[in-house]
Amino acid sequence: MVVAGMTEEVVDGGGGPVVFVVREFDGGRDRAGVERVEGDCEVGPSGGKLCLFTDLLGDPLCRVRHSPAYLMLVAEAVGGPLGTEIVGVVRGCVKTVACGSSRLFSKVAYLLGLRVSPRHRRRGIGRKLVERMEEWFRQMGTEYAYVATDCDNEPSVRLFTGACGYAKFRTPSVLVHPVFGHDLAPSRRASVVRLDAREAELLYRRLLCSVEFFPHDIDAVLSNSLSLGTFLALPHGTRWRGVDEFLASPPESWAVASLWNCKDAFRLEVRGAPRLWRAAARATRVADRAAPWLGIPSIPNLFEPFGLHFVYGLGGDGPGAPRLARALFRHAHNVARRAGARVVATEVGACDPLRAGVPHWPRLGADDLWCIKRLADGYGDGTLGDWTKAPPGPSIFVDPREF
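A. Representation of the overall build of the protein. In terms of helices and strands, the protein carries eight helices and 16 strands. Each of the 403 residues in the protein was classed as buried or not, and the buried ones make up 51%. Contacts in the protein between residues at least 24 apart in sequence constitute 79% of all its contacts with a sequence separation of at least 6. Accessible surface, the protein as shown: approximately 18600 Å² in total, 52% of it carbon and sulfur.

Structure below.
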């Protein structure tokens, strides 16, 4: 869908008028400008020296192009000291997801990748980008919109909530584990079974379809070329007789997870680390290579572009589920090591019972804030009512297509 341009005239620091145009991204002429804006906007703790830079590998749409419907908008400055230039960007996608334990689905929009060049901030550009994206969301018939940001990013929250002044919040955490120079020994107390796409879809739709944000098109997610497979962990000694028998009579404890190859979509890079940190990390890698049998935890080189694998669709049941989840992450670590990824990451809800089983290094992770607001006018008092007023569930399904 083509979004018509919109202009707004302001006065720049030199006193000359600058016209800002918000329009749809044009891959042919906007790619270089978007990359400049992305490079100017570093992501990291405010006031800190460490910054996380993202290399989109020449594809500005990589974080939305696998979604059912998506749009990317740019803000263009015309008449400034540098002539015509891209000064802002935002992405959005629309999909149908579960609204929680009610097992009902709604059309939901996700707003992500909002960036405004530091030289052009505080001019209302971000607000205009969000407003135009929300116009498209409404045209697509979405009932809700949400955004994920850092837990302390109050300006983004205020920008997103806008006139409504309220939103429902979820507080998941990104948990990250480095990939060592050696494989991790498989768990002796669990057996890991690989499911094919049909088996995985059956399991997810039967057992996890009520988790918040579970995508209605889970089959498209699982069959995507970036999805590396779905794995089921069972107590050691449990005989696998197929998914149908498992669903008819599941064991007391089980855990499931799928892997997504972010490495071929984008790369990350940590910048601003002190030389001492770099030297210490290098020393751990040297020791790991010299004596891999010792199992020394080593820090991969995160100070140059690196890829990651993302664990999604994490779920399970029973008292042993956290332990079985840990077995799945050991398996995910080894898959990532063989593929050349340097970290394994996942995102889990604040009260997810499997969180205790996710191995991670706290210094590498982050706490997120998801803001959900209603876009549709009016709602009934039926089974669902207003999702923004419903209590959060313990778990959350993070769609890997937009991670």
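Still more ground to cover, so stick around.
B. Spotlight on the nonpolar core. Tyr204 and Phe310 are the most contacted members of the largest nonpolar core, which totals 67 residues. Among the elements that make up this core, the one with the highest residue count is strand β5 (residues 83–98) (five residues). Not counting the four nearest positions on each side in its chain, Tyr204 is found in contact with Cys209, Phe214, Ile218, Leu222, Thr230, Val256, Ala257, Ser258, Tyr312, Gly313 and Phe397. Of all hydrophobic cores here, the second largest spans 27 residues; its members include Val22, Ala77, Val157 and Phe160.

C. Summary view of the pattern of salt bridges. All chains considered together, the criterion is met by 23 salt bridges. Note that Glu134 and Lys373 form a salt bridge whose closest N and O atoms lie 2.7 Å from each other. Placement of Glu134 in helix α2 (residues 125–139) and of Lys373 in strand β16 (residues 366–374) is noted, with a sequence separation of 239 residues between them. Neither residue differs from the other here; Glu134 and Lys373 are each classed as buried. Between Arg170 and Glu212 there is a salt bridge whose closest N-O contact spans 2.6 Å. On the criterion of sequence distance, the pair formed by Arg170 in strand β8 (residues 168–170) and Glu212 in the loop between α4 (197–207) and α5 (218–223) is long-range, its members being 42 residues apart. Glu212 carries the same exposure label as Arg170, and that label is buried. Within the structure, one salt-bridge network assembled from shared partners comprises Lys95, Asp217, Asp399, Arg401 and Glu402.

D. Representation of the packing of aromatic side chains within the structure. Enumeration according to the criterion identifies 15 aromatic pairs in this entry. Centre to centre, the rings of Tyr204 and Phe397 are 6.3 Å apart; their planes meet at 80°, and the pair counts as edge-to-face. Residue Tyr204 is located in helix α4, and its partner Phe397 is located in the segment after β16; the two are separated by 193 residues in the primary sequence. One exposure class covers both Tyr204 and Phe397, and it is buried. Plain terms: the ring middles of Phe310 and Phe403 are 4.0 Å apart, the flat faces sit at 25° to each other, and that makes the pair stacked. Of this pair, Phe310 sits in strand β14 (residues 308–317) while Phe403 sits in the segment after β16, placing them 93 residues apart in sequence. Phe403 carries the same exposure label as Phe310, and that label is buried. Linked through ring pairs, Tyr110, Tyr144, Tyr146, Phe213, Trp370 and Trp387 together constitute an aromatic cluster.

E. Structural context of helix α3 (residues 154–161). Three or more residues of α3 are buried, namely Val157, Phe160 and Thr161. What you see down the axis of α3 is that its buried residues fit within an arc of 90°, all on one side. Where α3 is buried, its residues meet α2, β7 (144–150), β8 and β16. Positioned one or two residues after α3, Gly162 has a phi angle of 55°, which is positive.

F. Layout of empty space enclosed by the protein. Going through the model one piece at a time under the given rule, you end up with four cavities of 30 Å³ or more. As a volume, the largest cavity reaches approximately 70 Å³. Every residue lining the largest cavity is listed: Phe310, Val311, Tyr312, Gly313, Leu314, Thr346, Glu347, Val348, Asp352, Ile396, Phe397 and Val398. Where the lining of the largest cavity is concerned, the elements lending two or more residues are β14 and β15 (343–348). Split into classes, the residues belonging to the lining of the largest cavity amount to eight nonpolar, two polar and two charged.

G. Structural context of unusual backbone geometry. The phi torsion at Leu57 lies on the positive side, around 55°, for a residue other than glycine. The residue Leu57 is located in the loop between β3 (51–55) and β4 (69–80) in this model. Taking relative accessible area as the criterion, Leu57 reaches 41% and is therefore assigned partly exposed. Even without being a glycine, Arg122 presents a positive backbone phi close to 65°. Looking at where Arg122 falls in the secondary structure, it is placed in the loop between β6 (105–116) and α2.

H. Region of interest: the environment of Leu129. Inspection of the secondary structure puts Leu129 in helix α2. In contact with Leu129, not counting residues within four places along its chain, are Val22, Leu73, Val74, Ala75, Gly88, Val89, Val90, Leu114 and Arg115.

I. Broad picture of α4. Considered for burial, the residues of α4 that qualify are Glu199, Ala200, Leu203 and Tyr204. Projected down its long axis, α4 shows its buried positions confined to an angular sector of 125°, all on one face. Residues of α4 that are buried sit in contact with β10 (190–195), α5, β11 (227–235), α6 (243–248), β12 (254–261) and β14. Capping the start of α4 is the job of one residue whose side-chain oxygen sits 3.1 Å from the backbone nitrogen of Arg198: Asp196.

J. Structural view of the environment of His66. Structurally, His66 can be placed in the loop between β3 and β4. Residue His66 is classed as partly exposed on the basis of its relative accessible area of 28%. Not counting the four nearest positions on each side in its chain, His66 is found in contact with Asn224, Leu226 and Arg401. A polar contact of 3.1 Å, which involves the side chain of His66, links it to the side chain of Asn224.

Parameters and conventions
- Residues numbered from 1 in each chain as written.
- Predicted model: local features only at pLDDT ≥ 70, side-chain atom pairs only at ≥ 80, totals over all residues.
- Heavy atoms only, no water.
- Helix = DSSP H or I, 4+ residues; strand = E, 2+ residues; numbered from the N terminus.
- Buried < 20%, exposed > 50% of the residue type's maximum accessible area, 1.4 Å probe, protein only.
- Contact = heavy atoms within 4.5 Å.
- Areas by Shrake-Rupley, 256 points an atom, 1.4 Å probe, with all protein chains shown as cover.
- Core = buried A, V, L, I, M, F, W, Y, C linked by side-chain atoms within 4.5 Å.
- Salt bridge = Lys/Arg side-chain N within 4 Å of Asp/Glu carboxyl O.
- Phe/Tyr/Trp six-rings, centres within 6.5 Å; stacked < 30°, edge-to-face > 60°.
- Arc of directions from axis to C-beta.
- 1 Å grid on protein atoms, 1.4 Å probe; cavity = no way out; pocket = protein on both sides within 12 Å on 5 of 7 lines; lining within 4 Å.
- Points joined across faces, edges and corners; volume = space filled by probe spheres on them.
- Nonpolar A, V, L, I, M, F, W, Y, C, P; charged D, E, K, R; others polar.
- Polar contact = N/O pair within 3.5 Å; in protein donor to acceptor, adjacent residues only side chain to side chain.

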